[in-house]
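The primary structure of each chain is shown beneath.
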Amino acid sequence: MNDKQKEQVKTVLYNILSLIVVAVLWTLFSAWQQSPFFPPPADIWKAFVGLATQGDIEGISLARHIWASLIRIFAGFAAACALGIPLGLAMGLWPRMYNRTRAVLEPIRFIPPIAWIPMAIVLLVGFSRYAFLIWLGAFFPIFITTLLSVTRVNPVHVNVAKVFGASRSYIIRKIVIPSVLPDIATGMRVGLGIAWMCIVAAEMIGGEMIGVGRLILKYAELIRMGEIIVGMLVIGIIGFLMNEIFIVVEKRVFRWRSEVSID
Amino acid sequence: MSAKKPKITIKNLSKYFDDLVVLDDISFDIYDGEFLCVVGPTGCGKTTFCNVVTRLLPSTKGSVTVGAEAIDFKKHNVSFIFQEPSCLPWRTVWDNVKIGLEIKGYPEPEIRERVQNVLEMTGLTPFKDFFPNQISAGMKQRVAIARAFVTEPDMLLMDEPFGQLDTSTRFSIENSLVRLWEKTKQTVIFVTHNLEEAVYLSERILVLTQKPTKIKSEVGVQHLLHPRDIADPEFVRIRRQVTDLVRWW
Ligand SMILES: Nc1ncnc2c1ncn2[C@@H]1O[C@H](COP(=O)(O)OP(=O)(O)OP(=O)(O)O)[C@@H](O)[C@H]1O
Ligand SMILES: [Mg+2]
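What counts and how
Residues numbered from 1 in each chain as written. Chains lettered and ligands numbered in written order. Predicted model: local features only at pLDDT ≥ 70, side-chain atom pairs only at ≥ 80, totals over all residues. Heavy atoms only, no water. Helix = DSSP H or I, 4+ residues; strand = E, 2+ residues; numbered from the N terminus. Buried < 20%, exposed > 50% of the residue type's maximum accessible area, 1.4 Å probe, protein only. Contact = heavy atoms within 4.5 Å. Lys, Arg positive; Asp, Glu negative; His and termini not counted. Charge placed at Lys NZ, Arg CZ, Asp CG, Glu CD. Pairing = 2+ DSSP bridges. Axes fitted to C-alpha atoms, helices over the stretch in contact; angles between N-to-C directions. Near = heavy atom within 4 Å. Polar contact = N/O pair within 3.5 Å; in protein donor to acceptor, adjacent residues only side chain to side chain. Areas by Shrake-Rupley, 256 points an atom, 1.4 Å probe, with all protein chains shown as cover. Parallel < 35°, antiparallel > 145°, perpendicular 65-115°, else oblique. Nonpolar A, V, L, I, M, F, W, Y, C, P; charged D, E, K, R; others polar. Phe/Tyr/Trp six-rings, centres within 6.5 Å; stacked < 30°, edge-to-face > 60°. Patch = residues over 30% accessible without salt bridge, like charges linked within 9 Å, V, L, I, M, F, W, Y side chains within 5 Å. Salt bridge = Lys/Arg side-chain N within 4 Å of Asp/Glu carboxyl O. Donors = N, O, S within 2.8 Å, 3.2 Å for Na, K, Ca; no water.

## What about the overall build of chain A?
Okay, step 1: Looking only at helices and strands, chain A features twelve helices and zero strands.
Okay, step 2: When the helices and strands of chain A are listed from N to C terminus, the series reads α-α-α-α-α-α-α-α-α-α-α-α.
Okay, step 3: Oriented by its inertia axes, the alpha-carbon framework of chain A measures out at about 75 × 60 × 30 Å.
Okay, step 4: The buried share among the 263 residues of chain A stands at 43%.
Okay, step 5: In chain A, of all internal contacts separated by at least 6 residues, the share reaching a separation of at least 24 is 73%.
Okay, step 6: Taken as two groups, the 24 positive and 15 negative side-chain charges of chain A have centres that lie 12 Å from each other.

## Brief notes about the sheet that holds strand E8 (residues 204–208) of chain B
Residue and element names in this part refer to chain B.
Okay, step 1: With respect to topology, six strands assemble into an open sheet ordered E5-E6-E7-E3-E8-E9, the strand pairing being mixed. The open sheet is flanked by strand E5 (78–81) and strand E9 (215–220), the only strands paired with a single partner. Sheet twist, expressed as the average angle between the axes of neighbouring strands with direction ignored, equals 15°.
Okay, step 2: Sheet topology places E8 next to E9; five bridges connect them, and they run antiparallel.

## Some words on the site of ligand 1
Residue and element names in this part refer to chain B.
Okay, step 1: Ligand 1 sits among 13 residues. The nearest are Thr-42, Lys-46, Thr-47, Thr-48 and Lys-211.
Okay, step 2: Here Thr-48 contributes a side-chain N or O atom positioned 2.5 Å from an oxygen atom of ligand 1.
Okay, step 3: Side-chain polar atom of Gln-83 to an oxygen atom of ligand 1: 2.9 Å apart, as the coordinates give it.
Okay, step 4: Computed on the free molecule, ligand 1 has an accessible area of 630 Å², of which 62% lies beneath the protein chains in the complex.
Okay, step 5: Among the secondary structure elements, those contributing two or more residues to the shell around ligand 1 are strand E2 (20–31) and helix H1 (46–53).
Okay, step 6: By residue number, the principal contributor to the shell around ligand 1 is H1, which donates three residues.

## Considerations on the packing of helix H3 (residues 62–93) of chain A against helix H11 (residues 212–221) of chain A
All names here are of chain A.
Okay, step 1: Axis separation between H3 and H11 bottoms out at 7 Å; the angle between their running directions is 125°. Between H3 and H11, the crossing angle belongs to the class labelled oblique. Two secondary-structure elements touch here, H3 through Leu-62, His-65, Ile-66 and Ser-69 and H11 through Val-212, Gly-213, Leu-215 and Lys-218.
Okay, step 2: Looking at the contact of H3 with H11, its residues break down into four nonpolar, three polar and one charged.

## A look at the packing of aromatic side chains
Residues and elements named next belong to chain A.
Okay, step 1: Counted according to the given criterion, the structure contains 21 aromatic pairs over all chains.
Okay, step 2: Geometrically, the ring pair formed by Trp-45 and Phe-48 is tilted, given 5.3 Å between the ring centres and 35° between the ring planes. Of the two residues, Trp-45 and Phe-48 both sit in helix H2 (residues 41–53), three residues apart, roughly one turn of that helix.
Okay, step 3: A relative accessible area of 54% means that Trp-45 is categorised as exposed.
Okay, step 4: Summarising the aromatic geometry, the rings of Trp-116 and Phe-132 are spaced 5.6 Å apart at their centres and angled 80° between planes, so their arrangement reads as edge-to-face. Of this pair, Trp-116 sits in the loop between helix H5 (102–109) and helix H6 (117–123) while Phe-132 sits in helix H7 (residues 127–151), and the two are 16 residues apart along the sequence.
Okay, step 5: Through successive ring pairs, a cluster of aromatic residues spans Trp-116, Phe-132, Trp-135, Phe-139, Phe-140 and Phe-143.

## With respect to a nonpolar patch on the surface
Residue and element names in this part refer to chain A.
Okay, step 1: A cluster of nonpolar side chains, Met-1, Val-9, Val-12, Leu-13, Tyr-14, Ile-16, Leu-17, Ile-20, Val-21, Val-24, Leu-25 and Leu-28, forms an exposed patch at the surface whose accessible area comes to about 1200 Å².
Okay, step 2: Tracing the backbone through its elements, the reader meets Leu-17 in helix H1 (residues 3–33).
Okay, step 3: Judged by its relative accessible area of 45%, Leu-17 falls in the partly exposed class.

## Quick notes on the pairing of E8 of chain B
All names here are of chain B.
Okay, step 1: The buried fraction of E8 is high, at five of five residues.
Okay, step 2: Side-chain alternation along E8 places Arg-204, Leu-206 and Leu-208 on one buried face and Ile-205 and Val-207 on a second face that is also buried.
Okay, step 3: Across four bridges, strand E3 (residues 35–39) lies against E8 in parallel orientation. Its bridge partner being in E8, Cys-37 is matched across the sheet by Ile-205.

## Quick notes on the coordination of the magnesium ion (ligand 2)
Okay, step 1: Coordination of the magnesium ion (ligand 2) by the protein involves Thr-47 of chain B (OG1) and Gln-83 of chain B (OE1), with metal-donor separations of 1.9 to 2.1 Å. Taken together, the residues Thr-47 of chain B in helix H1 and Gln-83 of chain B in the loop between E5 and helix H2 (93–103) connect sequence positions 36 residues apart.

## Brief notes about the pattern of salt bridges
Opposite charge on two side chains permits pairing when their charged atoms draw close.
Residues and elements named next belong to chain B.
Okay, step 1: Within this structure, the stated rule accounts for 23 salt bridges over all chains.
Okay, step 2: One salt bridge connects Arg-91 with Glu-102, and the closest N-O pair in it is separated by 2.9 Å. With a gap of eleven residues between them, Arg-91 in the loop between E5 and H2 and Glu-102 in helix H2 connect regions that are remote in the sequence.
Okay, step 3: Residue classification places Arg-91 among the buried positions, given a relative accessible area of 8%.
Okay, step 4: You can call Glu-102 partly exposed: its relative accessible area is 22%.
Okay, step 5: Two residues, Glu-234 and Arg-237, come together in a salt bridge whose shortest N-O distance is 3.0 Å. Residue Glu-234 and its partner Arg-237 are located together in helix H7 (residues 233–246), separated by three residues, close to a single helical turn.

## Examining the sheet that holds strand E1 (residues 6–17) of chain B
Residues and elements named next belong to chain B.
Okay, step 1: Taken together, the three strands give an open sheet; going across it, the order is E2-E1-E4, and neighbouring strands pair in antiparallel fashion. The sheet is open, and its two edges are formed by E2 and strand E4 (61–66), each paired on a single side. On average, each strand axis in the sheet is tilted by 15° relative to the strand beside it, whichever way the strands run.
Okay, step 2: With eight bridges joining them, E1 and E2 adopt antiparallel strand pairing. The partner of Ile-8 across the bridge, within E2, is Ile-30.
Okay, step 3: Here H1 sits on the sheet and contacts E1, E2 and E4; the angle it forms with E1, its principal contact strand, is near 120°.

## Some details on the environment of Leu-136 of chain A
Residues and elements named next belong to chain A.
Okay, step 1: On the secondary structure map, Leu-136 appears in helix H7.
Okay, step 2: Judged by its relative accessible area of 8%, Leu-136 falls in the buried class.
Okay, step 3: Taking C-alpha positions, Leu-136 is 7.9 Å from Ala-195, a pair spaced 59 residues apart along the chain.
Okay, step 4: When near neighbours in sequence (up to four residues on either side) are disregarded, Leu-136 contacts Pro-113 and Trp-116.

Quick look at the structure:
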């Protein structure tokens, strides 16, 4: 085993250790409190098994809740990419477009998705409500990173192509796009994370009784902490996994990038 | 050189950055097929000069013409080796070198042959599949050199291209450059602050002043035949002459 592999094994072990520490602390805390609001890990596990095998109070299984949420996320996220990337590129290439609409775009960016709930209820129905709220969360990180990355394209790289007589379209396709792709990927990863964080807000208004966010809300009404914590953990773990997968793909695709580490 | 025909005509060229006068009313001709070296103190505007000549930067006053017209990269076959690192990090060495041929629409077999030759000449063949972040700074510089040579330009601008290279690689590439130039007789503008290199390579040396930059002096070197011998008394004399000119920077 070389040093790098040793370091990786260590990293994994330490992560497991930190999980155990948190579980132990939680166990002690719940033992000390002796309250239904702080169920011990064993009860949380029971709630998880119940949700996974028998489903919730309406018999909807955990897997179906997760699947429903994932579909909503990907719909909103795909819409955010489909709009954010081309718009970011266009406004980066023609900064006047952005400068002249800045007063409209920028304030919208700071309105949290939750504040849009009443508006979404009035304007939209059904699936589009979910998609809209999630879109709101994902759109701006994707749009803004794309926009900024275009303005940061290295002018020397553009000049290299220019001097050989490249057309504007060649420069956009073969210089600007490859330069900005890694930044766009980062924007997408951040956007996906925020989209996922909006799932509870989105499922507050979607109307259907399915989805991980909805699951939490259902059990909040019943004040059953075990299931609520299961829902929270599921959201956390899925977000974590999506992010990790994205990072692995990014590394693979952009292997030409030098890795920076600040130790 | 026999019949000296101006290739690039520079008339009353000035460049200001706001109030900073960088190029101050410069006029001269660059002859067709000439190897011109430009030397000047750091920060005097050599890079700016190259950028203005190629119109990558607009001039404040004056004009630069090639033949009778403004420079046009689609019409004139130009290569430019930039002073700063200019490899495209997402392309391998091979793909970096071929970009000019790709833009100019050469057929794939010819691209392959030319890239192979130029990689051989610059000693980059073993690294052709590497990405720029996997090779050394000197190798990246050689990639930029290979990329500029491979299109066989009629105008070649080189902004301190050999600064990163060790002496032996430098000699070998300098010699390749001279051989290439003798064969193809392109017009070369070569910026350097290595005076020996200037005398070794060029036909004419343009010595610039401090900002606001003018031409301080011109030194002709065309009577020295290639390959030049750096111990030759005439070589030594010219190098001393140029050294005296720059002593007061
Ligand atoms: N975009 C710019 N805006 C403002 N000032 C600039 C700009 N580019 C260059 N300058 C100034 O113009 C002067 C000449 O710069 P330039 O890069 O042409 O020098 P140089 O002769 O190439 O120097 P070196 O030998 O160090 O490469 C410097 O004083 C620099 O500060
Ligand atoms: Mg310079």
